[in-house]
Amino acid sequence: MNRRTFLATTAGGLSLLAGCSGGPNRELPTRPAGQWMQHAHDARNTGAADVTVPARAAPAWDEGVAQLAAPLVADGTAFSVAAEATAVDARTGSERWRVELEGTADHTPALLDDRLVVAAETRLVALARDDGSELWSRPLPRPARGGPTVAADQSLLAVPVAETGLVAFDAGTGEESWRAPMLGARRPAIADGRVYAAGYKRDGDTGVLRGLAATDGTRQWETELGHPDTAPVVADGGVIVADGGTLAVHDPADGTRTRTLGSVGDHVDVPPAIADGTAFVATTDGRLLARSIADGTQAWRADVHVTVDTGVSVGREAVVAAATGLPESGGPGIVALERSDGSVRWEHGIEGFDAVVSTPPVLADGAVLYASNESTGVVALGDLPPRDE
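Cut-offs applied
Residues numbered from 1 in each chain as written. Predicted model: local features only at pLDDT ≥ 70, side-chain atom pairs only at ≥ 80, totals over all residues. Heavy atoms only, no water. Helix = DSSP H or I, 4+ residues; strand = E, 2+ residues; numbered from the N terminus. Rg over C-alpha atoms; globule rule 2.2 N^0.38 Å. Buried < 20%, exposed > 50% of the residue type's maximum accessible area, 1.4 Å probe, protein only. Contact = heavy atoms within 4.5 Å. Areas by Shrake-Rupley, 256 points an atom, 1.4 Å probe, with all protein chains shown as cover. Lys, Arg positive; Asp, Glu negative; His and termini not counted. Charge placed at Lys NZ, Arg CZ, Asp CG, Glu CD. Pairing = 2+ DSSP bridges. Axes fitted to C-alpha atoms, helices over the stretch in contact; angles between N-to-C directions. Core = buried A, V, L, I, M, F, W, Y, C linked by side-chain atoms within 4.5 Å. pLDDT = per-residue confidence, 0-100. Polar contact = N/O pair within 3.5 Å; in protein donor to acceptor, adjacent residues only side chain to side chain. Phe/Tyr/Trp six-rings, centres within 6.5 Å; stacked < 30°, edge-to-face > 60°. Salt bridge = Lys/Arg side-chain N within 4 Å of Asp/Glu carboxyl O.

Asker: I'd like a rundown of the overall build of the chain, residues and numbers included.
Answerer: Per the secondary structure count, the chain includes 1 helix and 34 strands. Expected size for 389 residues packed as a compact globule is a radius of gyration near 21 Å; at 20 Å, the chain falls within 12% of this value. With respect to the principal axes defined by its C-alpha atoms, the chain has extents near 55 × 50 × 35 Å. The burial tally for the chain puts 59% of its 389 residues in the buried class. Sequence-distant contacts in the chain: of pairs separated by 6 or more residues, those separated by 24 or more amount to 48%. Approximately 14,700 Å² of the chain is accessible, and the part contributed by carbon and sulfur atoms is 47%. One way to put it: in the chain the 32 positive side-chain charges average out to a point 3 Å from where the 53 negative ones average out.

Asker: So, the sheet that holds strand 22 (residues 257-263): which residues are in play, and what are the values?
Answerer: Reading across the sheet, the 4 strands line up as 19-20-21-22 and stay open at both edges, with antiparallel pairing between neighbours. Unpaired on one side and paired on the other, strand 19 (233-235) and strand 22 mark the two borders of the sheet. Each adjacent strand pair in this sheet contributes to an overall mean axis angle of 30°, direction not counted. Sheet analysis places strand 19 next to strand 20 (residues 238-243), joined by 3 bridges and oriented antiparallel. Along strand 20, the bridge assignment pairs alanine 235 with glycine 238.

Asker: Can you explain the sheet that holds strand 32 (residues 362-364)? Please cite residues and give values.
Answerer: Across the sheet, 4 strands lie side by side as 2-34-33-32; this open sheet has antiparallel pairing. The strands lining the two open edges of the sheet, one partner per strand, are strand 2 (58-63) and strand 32. Each adjacent strand pair in this sheet contributes to an overall mean axis angle of 25°, direction not counted. Across 5 bridges, the pairing between strand 2 and strand 34 (residues 378-382) is antiparallel. Bridge pairing in strand 34 links glutamate 63 to valine 378.

Asker: So what about the nonpolar core? Which residues, and what values?
Answerer: In terms of nonpolar packing, the biggest core is built from 55 residues, with Trp61, Leu116 and Ile334 touching the most fellow members. Non-local contacts of isoleucine 334, meaning those with residues more than four positions away in its chain, are made with Val320, Ala321, Ala322, Leu326, Trp346, Glu347, His348, Val357, Val368, Tyr370 and Leu381. Counting residues in hydrophobic clusters, the runner-up holds 20 residues, among them Val270, Phe280, Ala282 and Leu326.

Asker: So what's going on with the confidence of the model for the chain? Residues and values would help.
Answerer: Here the chain averages 91 in pLDDT, while 94% of its residues score no lower than 70. Counting interchain partners and residues more than four positions distant, the pLDDT-below-50 stretch residues 1-21 has 34 contacts.

Asker: Tell me about the pairing of strand 14 (residues 176-181), and please be specific about residues and values.
Answerer: Relative to strand 14, strand 13 (residues 165-170) runs antiparallel, the two sharing 5 bridges. Opposite phenylalanine 169, over in strand 14, you have glutamate 176 as the bridge partner.

Asker: Could you give an account of the side chain of histidine 250, with specific residues and numbers?
Answerer: For histidine 250, the location among the structural elements is in strand 21 (residues 246-250). At a separation of 3.0 Å, a polar atom in the side chain of histidine 250 contacts the main-chain carbonyl oxygen of glycine 255. Residues in contact with histidine 250, not counting those within four places in the same chain, are Leu209, Thr223, Leu225, Gly238, Val239, Val241, Gly255, Thr256, Arg257 and Thr258.

Asker: Outline the packing of aromatic side chains, supporting the account with residue identities and numerical values.
Answerer: Summed over the entire model, instances satisfying the criterion amount to 3 aromatic pairs. Relative to tryptophan 97, the ring of phenylalanine 79 lies with its centre 6.2 Å away and its plane at 55°, an arrangement referred to as tilted. Placement of phenylalanine 79 in strand 4 (residues 77-81) and of tryptophan 97 in strand 6 (residues 95-100) is noted, with a sequence separation of 18 residues between them. An identical accessibility class is assigned to phenylalanine 79 and tryptophan 97; each is buried.

Asker: Please give an account of the environment of alanine 60 that cites residues and values.
Answerer: Looking at where alanine 60 falls in the secondary structure, it is placed in strand 2. For the pair alanine 60 and proline 385, spaced 325 residues apart in the sequence, the C-alpha separation amounts to 9.8 Å. Excluding anything up to four places from it in sequence, alanine 60 contacts Pro24, Asn25, Arg26, Glu27, Leu28, Ala380, Leu384 and Arg387.

Asker: Explain the pattern of salt bridges residue by residue, including any values.
Answerer: Applying the stated criterion to the full structure yields 22 salt bridges. Close ionic contact of arginine 115 with aspartate 114 constitutes a salt bridge, the shortest N to O distance being 2.9 Å. Looking at arginine 115, the relative accessible area reads 11%, which means it is buried. Accessibility expressed as a relative area gives 41% for aspartate 114, which makes it partly exposed.

Asker: Any chance you could break down the pairing of strand 30 (residues 333-338) for me, citing the residues and the numbers?
Answerer: Successive side chains on a regular strand alternate, one facing one side of the sheet and the next facing the other. Where burial is concerned, most of strand 30 is hidden: 5 out of the 6 residues are buried. By the bridge criterion, 6 bridges tie strand 29 (residues 318-325) to strand 30 in an arrangement that is antiparallel. Looking at the pairing, valine 319 lines up with leucine 337 of strand 30. In the sheet, strand 30 pairs with strand 31 (residues 344-349) via 5 bridges, with the strands oriented antiparallel. Looking across to strand 31, one finds that alanine 336 is bridged to tryptophan 346. Linking strand 30 back to strand 31 in an antiparallel pair, the connection comprises 5 residues, with glycine 342 at a positive phi of about 80°.

Encoded structure:
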């Protein structure tokens, strides 16, 4: 038997397990449009998509597999990974294919035009988007520390690997292109022919932000940091990285620190999301701030305890975050805030002992996707009436 598996014989059992989000599956009002192709949406790690966040949010379906890796969505299909990889209809949740992986994928995969690329422990695997068949599989020198970042032109993908640094591959063939040593490498950003990486020198004590040539990984510049706590984010105004509790902006050409967006506490656990000249950053003391990238001025703040390692996602008119403490109910769940002033658009709470949202929210037009320890797979929220109506 090959590794492609359609679980027709167990489909009934799966449907019985589904629905931990509150009841039987329902269809979303419309087919979710737009694309969320990799962690933080794009190669720049912006966490922002030009899509409409629904005006209200109730569970539609709970399907696929998901633990720690965020789902992805494109062309009306939602993809998710854990011990298996799955593809489901983004409107109905009906399964399209399911594949067993050689190892568990704890990191968000990446979508290309025709394939899904998954870092599963010490292997990098490319699966065909249409049917899940394996296109290629490549070994990693050590376990992946994050999922692949794919360049906008889909020529290159880079993976942070434990005790190694970054390993880059040809996105089409899967052949290894180059390695860039770095301890504790964060998920890189890729833009304009350069790979931006944050981590530590080989001494393990000196934090750095580096600009690497995308073609061969050669170091073009290096800037020392005190505490490189987050992955870099490429904005129109520069490369933004958390250095301790400070959000610093660096010139992408030579790494020079041009300014800061001010202190937000002792450290930053979650990379900011960037949209239209504004950085949306979560603080460790339970606030979500909207600050200007140009001068650091603050537009608004909201009391939202954002879940560590999940983050903030930005749509056309709203900011969506996974939270351990929602602004109004105080419990865990997903919250949508108006981009204009930070006021609450809606909250979606989850219930259960030690319930927590385990992935960043993923946005498509009219839908929000996430996973939690109280769901069987990916949960889709949409503009639907509550189940008791």
